[in-house]
Amino acid sequence: MFSNIGVPGLILILTLALIIFGPKKLPEIGRAFGQTLKEFKKSTRELTDDVMKDVEEEKQKLTK
């Protein structure tokens, strides 16, 4: 998704974010984004683990 932005595009986005939100709000927004990403990864990992557990149970049922 972000592979086509490049360095100039990233600098432009960061500059616009700094202008729009200001230097005091930017760290708070970054922290909130990081925590949201962390929770998303955790939920995804739990869902994947549940699915893999179900698959293993079904395999065991079929082999019996």
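Residues numbered from 1 in each chain as written. Predicted model: local features only at pLDDT ≥ 70, side-chain atom pairs only at ≥ 80, totals over all residues. Heavy atoms only, no water.

Caption draft 1: How the structure looks around the overall build of the chain. Each helix and strand counted, the chain has 1 helix and 0 strands in total. For 64 residues, the compact-globule estimate of 2.2 N^0.38 gives 11 Å, and the C-alpha radius of gyration of the chain, at 21 Å, exceeds that figure by more than 25%. Oriented by its inertia axes, the alpha-carbon framework of the chain measures out at about 65 × 25 × 10 Å. Carbon and sulfur atoms provide 67% of the accessible area of the chain, an area that totals close to 6200 Å². Taken as two groups, the 11 positive and 9 negative side-chain charges of the chain have centres that lie 8 Å from each other. (Helix = DSSP H or I, 4+ residues; strand = E, 2+ residues; numbered from the N terminus. Rg over C-alpha atoms; globule rule 2.2 N^0.38 Å. Areas by Shrake-Rupley, 256 points an atom, 1.4 Å probe, with all protein chains shown as cover. Lys, Arg positive; Asp, Glu negative; His and termini not counted. Charge placed at Lys NZ, Arg CZ, Asp CG, Glu CD.)

Caption draft 2: Just the pattern of salt bridges, in detail. Applying the stated rule across the entire model yields 2 salt bridges. A salt bridge links Glu28 to Lys25; the nearest nitrogen and oxygen atoms lie 3.7 Å apart. Separated by 3 residues within a single helix, Glu28 and Lys25 lie in helix H1 (residues 6-63), roughly one turn from each other. (Salt bridge = Lys/Arg side-chain N within 4 Å of Asp/Glu carboxyl O.)

Caption draft 3: Representation of a negative patch on the surface in the model. Where like charges cluster on the molecular surface, the negative patch consists of Glu39, Glu46, Asp49, Asp50, Asp54 and Glu57. The residue Glu39 is located in helix H1 in this model. Its relative accessible area of 45% is what places Glu39 among the partly exposed residues. (Patch = residues over 30% accessible without salt bridge, like charges linked within 9 Å, V, L, I, M, F, W, Y side chains within 5 Å. Buried < 20%, exposed > 50% of the residue type's maximum accessible area, 1.4 Å probe, protein only.)

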